[in-house]
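Now for the letters of each chain:
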Amino acid sequence: MHDLIIIGAGPAGLTAALYAGRFKIYTRIFEKLSCGGQILLSPSIENYPGFPEGVSTFDLIDKFKKQVEDLGLKVEDENVLEVIPDGRIYNVKTESGIFKTKTIIIASGAFSKRLGIKGEDKFIGKGVSYCGTCDGPLFKDKDILVVGGGDRALEDAMFLANYANIVHLVHRRSEFRASGILVDKVKANPKIKFVLDSVVEEIAGEEKVERARVKNVKTGKDLDILCQGVFIFVGIVPNTGFIKNLIKTNESGFITIDQKMHTSREGIFACGDCAEKGLYQVVSACGDGATAADSAHKYLLKS
Ligand SMILES: Cc1cc2nc3c(=O)[nH]c(=O)nc-3n(C[C@H](O)[C@H](O)[C@H](O)COP(=O)(O)OP(=O)(O)OC[C@H]3O[C@@H](n4cnc5c(N)ncnc54)[C@H](O)[C@@H]3O)c2cc1C
């Protein structure tokens, strides 16, 4: 019987493990891919406090991991398939067996949907991005393309226009899913140019992004847009399929939490990008992870 199982070893899960280790809670950490999570898709991070020059994400995650391992904890290769409640105990089912635990912290993160077009994977971190808050400042006075028609795409287009020379907003329809007020604000921004009824078919360049081929779905005509960045916002999917019938989620699958990271079920806490919240960043994932471990600790003391 374990006190705590942490599902996912990204920034949220590793910080939860750090705090759990220091609380001396008997903890296991299960990770299905590689320790570090989504941030490893980016070679460096420039908005993590304490590193004014930026830091390599591999170095940062190595430090996170070492700090956890120094407490005697280790990240185990386990893909969690299901969580089955049994009274006040939970059975965590993985590909290799069933593990009993009194509490669970879900830190399983999310992933950005890809367009699946030529050049997209090749240029991730070299002009292709899925996060305006993270990478916007790197595109000062550059020409960029934003792809998408929802709130996130339009909010990030506005944010990116603070840095970029010009933002081409490519959307496959002529109407937006985003709220009307936001659409009006974007239309009023002189730096944002609309490329409607259009889809991006290819991202091209030598070492970095240099242009994108955009096709008008009504006329069938291709247009080459010169740009140094392509920001893609066509949806974020939380990794919560294994738990979604057990706890409350919103319609997109993000776990509903309160300020102390409690979910709708006693003994289960959630933190980081898998939860419904305001800011999806490393620093907030770490804060959420610490809070989740504190709440799990308090729950264990009471039970
Ligand atoms: C390209 C890119 C660039 C970014 N740049 C920045 C930046 O500059 N600054 C910044 O602050 N943020 C940045 N972000 C956002 C940041 O990466 C996330 O906010 C952060 O990683 C969230 O941490 P997390 O621990 O909640 O989730 P994740 O990092 O997604 O980690 C979740 C982990 O859980 C594991 N997992 C999922 N399901 C299971 C399961 N069933 N069983 C076991 N393990 C499971 C996953 O494999 C993963 O390792 C960027 C994101 C991307 C994609």
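The numbering scheme is per chain: residues are counted from 1 as the chain's sequence reads. Whole-chain, interface and lining totals are the exception, using all residues; otherwise, since this is a predicted model, local features are given only for residues with pLDDT of at least 70 and side-chain atom pairs are given and counted only at 80 or more. The side-chain figures draw on all heavy atoms in the structure; neither hydrogens nor water molecules are used.

**What about the site of the ligand?**
Link 1 in the chain: Close to the ligand lie 34 residues, the nearest being E31, Q38, N47, D273 and V282.
Link 2 in the chain: At a separation of 3.1 Å, a nitrogen atom of the ligand approaches a polar backbone atom of K32.
Link 3 in the chain: For the ligand, the protein covers 96% of the area, taking 1,000 Å² as the surface of the free molecule.
Link 4 in the chain: Going through the elements one at a time, α1 (11–22), β2 (27–31) and α6 (282–302) are the ones with two or more residues in the shell around the ligand.
Link 5 in the chain: The residue makeup of the shell around the ligand, split by class, is 17 nonpolar, 13 polar and 4 charged. Any residue with at least one heavy atom within 4 Å of a molecule or strand is counted as near it. We define a polar contact as two N or O atoms separated by no more than 3.5 Å, with the added condition that, inside protein, one atom must be a possible hydrogen donor and the other a possible acceptor, whereas residues neighbouring each other in sequence contribute only through side-chain atom pairs. Methods summary: accessible areas were calculated by the Shrake-Rupley approach with a probe of 1.4 Å, and residue burial reflects only the protein chains presented. Numbering of helices and strands runs from the N terminus; a helix is a DSSP stretch of H or I covering at least four residues, while a strand is a stretch of E covering at least two. Asp, Glu, Lys and Arg are counted as charged, while Ala, Val, Leu, Ile, Met, Phe, Trp, Tyr, Cys and Pro are counted as nonpolar; the rest, among them Gly, fall into the polar class.

**Comments concerning the domain arrangement of the chain**
Link 1 in the chain: What marks off one domain from the next here is an automatic or database domain assignment. The domains assigned to the chain are domain 1 (2–111 + 236–302) and domain 2 (114–232).
Link 2 in the chain: Spacing between the C-alpha centres of domain 1 and domain 2 amounts to 32 Å.
Link 3 in the chain: With 6 residues of domain 1 at the interface, the matching set in domain 2 holds 8 residues.
Link 4 in the chain: Two parts placed together each lose some accessible area; with a 1.4 Å probe, that loss summed over both constitutes the buried area. Both faces combined, the contact of domain 1 with domain 2 buries some 510 Å², and carbon together with sulfur accounts for 57% of it. Note on contacts: a residue pair is in contact if any heavy atoms of the two residues lie within 4.5 Å.

**What about the packing of helix α4 (residues 151–161) against helix α5 (residues 180–188)?**
Link 1 in the chain: All axes are obtained by fitting lines to C-alpha atoms, using only the stretch in contact for helices, and the reported angles, taken between N-to-C directions, cover 0 to 180 degrees. Running from N to C, α4 and α5 point in directions that differ by 35°, and their axes come no closer than 10 Å. Between α4 and α5 lies a crossing of left-handed hand. Facing D151, L154, E155 and M158 of α4, the residues of α5 in contact are L182, V183, K185 and V186.
Link 2 in the chain: Broken down by class, the residue content of the contact of α4 with α5 amounts to 5 nonpolar, no polar and 3 charged. For any pair of crossing helices, the crossing counts as left-handed if the nearer helix is rotated counterclockwise from the farther one by less than a right angle, and right-handed if it is rotated clockwise.

**What about the state of the cysteines?**
Link 1 in the chain: Two cysteine sulfur atoms make up a disulfide if the distance between them is within 2.5 Å. One pass over the structure, following the stated rule, counts 1 disulfide.
Link 2 in the chain: Each sulfur of the disulfide joining C131 and C134 lies 2.0 Å from the other. Judged by the torsion about the S-S bond (70°), the C131/C134 disulfide is right-handed.
Link 3 in the chain: C271 carries a free sulfur, and the closest cysteine sulfur to it, the one in C274, is 6.2 Å from it.
Link 4 in the chain: The cysteine C286 is free of any disulfide, with C271 supplying the nearest cysteine sulfur at 9.7 Å.
Link 5 in the chain: Here's how the labels work: a residue is buried when its accessible area is under 20% of the maximum for its type, exposed when over 50%, partly exposed in between, all with a 1.4 Å probe on protein chains only. Overall, C286 belongs to the buried group, its relative accessible area being 8%.

**Structural notes on the packing of aromatic side chains**
Link 1 in the chain: Only Phe, Tyr and Trp rings take part, Trp by its six-membered ring, and two of them pair if their centres are within 6.5 Å. Stacked means planes under 30 degrees apart, edge-to-face means over 60, and tilted covers everything else. Tallying each qualifying case throughout the model produces 9 aromatic pairs.
Link 2 in the chain: Arranged with centres 6.1 Å apart and planes meeting at 55°, the rings of Y48 and F64 form a pair that is tilted. Here Y48 is found in the loop between β3 (44–45) and β4 (55–56), whereas its partner F64 is found in helix α2 (residues 57–69), with 16 residues between them in sequence. As far as the burial class goes, Y48 and F64 line up, both buried.
Link 3 in the chain: Seen in terms of ring centroids, F176 and F194 are 5.6 Å apart; in terms of plane orientation they differ by 75°. Their pairing is edge-to-face. Here F194 lies in strand β13 (residues 192–195) and F176 lies in the loop between β12 (166–170) and α5, a separation of 18 residues in the sequence.
Link 4 in the chain: Aromatic ring contacts, followed pair by pair, group Y48, F51 and F64 into a single cluster.
Link 5 in the chain: Across the ring face of Y280, the terminal group of K277 is positioned such that the distance to the ring centre comes to 5.4 Å. In our convention, an over-ring charge means Lys NZ or Arg CZ found within 6 Å of a ring centre and within 35 degrees of that ring's normal.

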